[in-house]
Amino acid sequence: MAKKKYTLYKAEGNSAPAPCAFFLSPQGCKNGDKCKFSHVLPTEGTIAPPTATVNCDIKSISSSDVSSESENETPITRTTTPKNSRTKSVDVDDIFAAPGQIPVHPPRSEDSKKSKRKRSIEHSDPFAKPKHAIDASRTPDTSTNPNTKKKAKVLEKKTSFRDLDLPVASFALPGVHGALANLPVATPSAAKPPQPPKFPVPSSTPEGLKWREAVLATRSNPKYKVDFDFDRMKQSDEESKLTNGTDWIKAKPYGSWCVGNPHAIAIDCEMCETKDPVTGASNHKALCRLSVVNAVNPEEVLIDTLVKPDWPVVNHRTWVNGIGKDHLNEVQFTMQHAQAFMMALCSEETVIIGHALQNDLAALKMEHHCNVDSAMLFSVKDEPNATCSLKDLAMGILKREMPDVHDSVNDARVALHILEEGYLKVNGKPEPVARSFPLKKRGGSAELFVHRIPKGCFPEHISNMFLTHTHIKPKEVPPIDFNSDTGKTTVSFVSSEHANIAFKTIEGEAKPDKSGRLQKRVYLRNGGYVNVRKMTRPKQT
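Report on the accompanying structure. (Residues numbered from 1 in each chain as written. Predicted model: local features only at pLDDT ≥ 70, side-chain atom pairs only at ≥ 80, totals over all residues. Heavy atoms only, no water.)

### Describing the packing of helix H11 (residues 390–398) against helix H12 (residues 408–422)
Relative to each other, H11 and H12 sit at 45°, their axes nearing to 10 Å. Here H11 is positioned oblique relative to H12, judged by the angle of their axes. As for how H11 packs across H12, the hand of that crossing is left-handed. Facing H11, whose interface residues are Leu390, Leu393, Ala394, Ile397 and Leu398, H12 presents Asp411, Val414, Ala415, His417, Ile418, Glu421 and Gly422. The class makeup of the residues in the contact of H11 with H12 is eight nonpolar, two polar and two charged. (Axes fitted to C-alpha atoms, helices over the stretch in contact; angles between N-to-C directions. Helix = DSSP H or I, 4+ residues; strand = E, 2+ residues; numbered from the N terminus. Parallel < 35°, antiparallel > 145°, perpendicular 65-115°, else oblique. Left-handed = near helix turned anticlockwise from the far one by under 90°. Contact = heavy atoms within 4.5 Å. Nonpolar A, V, L, I, M, F, W, Y, C, P; charged D, E, K, R; others polar.)

Right under this line is the structure:
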């Protein structure tokens with residue numbers, strides 16, 4: 001085969017010898033040193049620089065951002081924020097704005113409204129500190145996560161609540177049981193023909209018929225619709241990540257299965273505050289003691305046990321219930337045991353008697369409507385909109401003083417005897433009860449009235465609000481009374497000086513309300529506000 005011949009030409013405008021085309025070939029250049037072209041190996045110094053320089057920060061572009069561009073396209077400029085310049089996250093859990101700040105919110109689009117609703121569900125505690133984001137890919141350690149424990153199987157073929165094998169943890173405060181043992185017990189009244197209501201009514205037993213009118217009177221109170229709104233309670237639990245709504249119980253219809261059970265009971269529960277170590281959600285009404293008394297024979301305690309909360313306790317509230325950390329350490333009785341007991345004991349016609357029963361039922365996560373609530377059947381003298389305390393009712397009707405530390409067995413019996421003596425014996429027409437300690441003697445100036453409180457707030461939230469805005473912690477924040485979409489409560493302080501300093505420290509202008517009492521606003525992050533009002537009118541000069 002004939003060999004091919006090549007003609008080499010010198011590059012124009014370049015005085016240096018052109019590189020030899022054969023020098024780098026496998027055969028090499030046959031001319032050797034006599035070759036007219038350059039025999040130089042290529043190095044970095046001989047490579048022509050690019051005609052344009054493109055600066056690109058690789059760290060600022062992800063693999064999904066890289067794309068091919070034509071020569072005529074304008075390069076896209078990408079901007080990233082350095083990690084150190086990241087703005088401080090807003091405490092979306094705290095519904096109150098910073099002291100002195102009045103938020104102004106522009107109109108939001110539908111997408112932003114949906115996003116806000118989503119954030120409100122994700123952050124349950126309105127006053128909690130900001131939580132760090134949890135890595136979704138991280139799997140919690142089920143060996144230490146109390147939420148992964150399987151529910152105890154305590155209803156295996158049991159026909160009566162008396163047959164349940166429950167790990168009851170008895171608890172009693174010295175000197176409180178038996179104090180009302182000698183009080184008379186009313187006998188069942190004659191049966192009356194039942195009428196079909198919206199909710200079940202006690203109509204199948206003499207014990208139930210005795211309390212029938214009191215059940216209907218409790219329901220007729222305007223506050224009942226709000227306080228016993230179990231659908232709202234379940235929704236609040238879901239939004240607060242306390243439950244998915246399936247953990248609530250509801251008693252079965254009356255039948256032969258419960259004929260031998262008591263059909264009227266008095267209950268009281270003690271609660272503590274717990275916190276989920278995984279999600280950070282808080283439960284301010286975690287059940288820690290359950291006491292149930294037979295309403296026909298109050299000396300018979302059907303159950304009195306401590307209850308082990310599902311989550312770690314962050315506030316035992318020992319000053320209220322007498323229960324401390326050591327009392328709960330070895331307790332095996334759980335929320336599931338408590339619910340199993342109530343399901344075995346109660347039918348939907350069982351009359352549950354107590355004071356502010358909505359709190360006890362919420363702690364048990366039990367939906368029930370045959371209730372007789374002393375907080376809704378009595379009124380306070382000269383204060384028609386106020387709610388009677390159990391202490392005032394005990395003094396006004398039974399002429400007995402209540403101990404400072406709550407005992408759930410004693411509280412259940414006291415509520416029962418108050419209703420028998422002060423309600424049933426007067427044919428459901430009780431007289432208003434005077435406060436055992438009038439406002440002046442109680443130190444009305446040592447209190448502040450807080451109203452327009454949004455739903456979802458608990459007394460702990462109000463206490464934290466005062467601590468944040470005034471640096472003064474209240475002595476006591478009673479349960480919030482929700483009459484409609486907002487609530488109210490009267491906050492007490494150690495002294496009138498503390499209350500006055502707290503009110504004065506709240507930033508903003510003090511304006512008189514319709515009664516002439518001065519009040520200030522504490523603004524919320526959503527643009528709303530709560531009112532903090534003095535209990536006394538300013539002196540006339």
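### Focus: the sheet that holds strand S11 (residues 486–492)
Taken together, six strands build an open sheet; the order of strands is S10-S11-S9-S14-S13-S12 and the sheet is antiparallel. In this open sheet, the two strands that pair with only one neighbour each are strand S10 (481–482) and strand S12 (511–512). Here strand S9 (residues 447–454) pairs with S11 via seven bridges, running antiparallel. Across the sheet, residue histidine 451 finds its bridge partner in S11, namely lysine 488. Where helix H14 (residues 459–470) meets the sheet, its contacts fall on S9, S11, strand S13 (518–523) and strand S14 (529–534), and the angle it forms with S9 comes to roughly 115°. (Pairing = 2+ DSSP bridges.)

### Thoughts on the packing of aromatic side chains
This model, assessed by the stated rule, comprises seven aromatic pairs. Through pairs of rings, three or more aromatic residues link up here, namely Tyr224, Phe228, Phe230 and Trp248. Looking at lysine 520, its charged tip hangs above the ring of phenylalanine 503, at a distance of 5.2 Å from the centre. (Phe/Tyr/Trp six-rings, centres within 6.5 Å; stacked < 30°, edge-to-face > 60°. Lys NZ or Arg CZ within 6 Å of the ring centre and 35° of its normal.)

### What about the side chain of serine 374?
One can find serine 374 in helix H10 (residues 374–377). Judged by relative accessible area, serine 374 falls into the buried class, the value being 0%. Within polar-contact distance, the side chain of serine 374 engages the side chain of histidine 355 at 2.7 Å. If we ignore the near neighbours within four places in the chain, the residues touching serine 374 are Gly354, His355, Leu393, Ala415 and Leu419. (Buried < 20%, exposed > 50% of the residue type's maximum accessible area, 1.4 Å probe, protein only. Polar contact = N/O pair within 3.5 Å; in protein donor to acceptor, adjacent residues only side chain to side chain.)

### Brief notes about the nonpolar core
Counting residues in each nonpolar core, the largest one holds 46 residues, and the members touching the most others are Ile265, Val292, Phe341, Met342, Leu364 and Met366. For this core, the elements supplying multiple residues, two or more each, are helix H5 (230–239), strand S2 (264–275), strand S3 (282–294), strand S4 (301–306), helix H8 (335–345) and helix H9 (357–364). A per-element tally of this core places H8 first, with six residues. Leaving out residues up to four positions away in the same chain, methionine 342 has contacts with Ile249, Ile265, Val292, Ile352, Leu364 and Met366. Judged by nonpolar contacts, the second largest core, of 29 residues, contains Cys388, Leu393, Leu398 and Met402. (Core = buried A, V, L, I, M, F, W, Y, C linked by side-chain atoms within 4.5 Å.)

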